[in-house]
Amino acid sequence: MTIPASVVLNAYSQAASMGGGAATPGASALKDAGGSFGDFLEKAINETVSSGKASEKQMATSAATKDGNLVDVVTSVAEAETTLQTVVAVRDKVISAYQDIMRMPI
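Here is what the cut-offs are and how they apply
Residues numbered from 1 in each chain as written. Predicted model: local features only at pLDDT ≥ 70, side-chain atom pairs only at ≥ 80, totals over all residues. Heavy atoms only, no water. Helix = DSSP H or I, 4+ residues; strand = E, 2+ residues; numbered from the N terminus. Buried < 20%, exposed > 50% of the residue type's maximum accessible area, 1.4 Å probe, protein only. Contact = heavy atoms within 4.5 Å.

Draft legend 1. Fine view of the overall build of the protein. When its secondary structure is counted, the protein shows four helices and zero strands. Listed by position from the N terminus, the elements making up the protein come as α-α-α-α. Taking all 106 residues of the protein together, the buried fraction comes to 16%. Restricting to contacts in the protein with at least 6 residues of sequence separation, those with at least 24 account for 62%.

Draft legend 2. Broad picture of the environment of Thr83. Structurally, the position occupied by Thr83 is in helix α4 (residues 70-103). The spatial distance from the C-alpha of Thr83 to the C-alpha of Ser51 is 7.6 Å, given a sequence separation of 32 residues.

Draft legend 3. Quick look at the environment of Asn69. Its location among the elements puts Asn69 in the loop between α3 (37-64) and α4. Considering only alpha carbons, one finds Asn69 and Met59, 10 residues apart in sequence, at a separation of 9.5 Å.

Draft legend 4. Molecular detail of the side chain of Ser51. Within the element layout of this structure, Ser51 appears in helix α3. Note on Ser51: relative accessible area 16%, which makes it buried.

Here it is, written out as structure tokens:
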């Protein structure tokens, strides 16, 4: 399945906006950027859930009425899928980083 470029760009811009702006070193910069890494992950997960719910609502509306637009349904599902793939990629990177830290000699 090919995902339209507009959907990918939208998901990328959402993920970039969740970061709180440009990355600057230091713990104080992290606090200024809008919170901790946990807050960032919580926001990402909440947006993933809301995106999934929106696509389910769009599908239900389209199925209930004969006036439903199939393009809107497909776009909504593709956005939810792209958001989920982004969250899974971040999770994989976090797990990989944790494993690298655990392998470091003390």
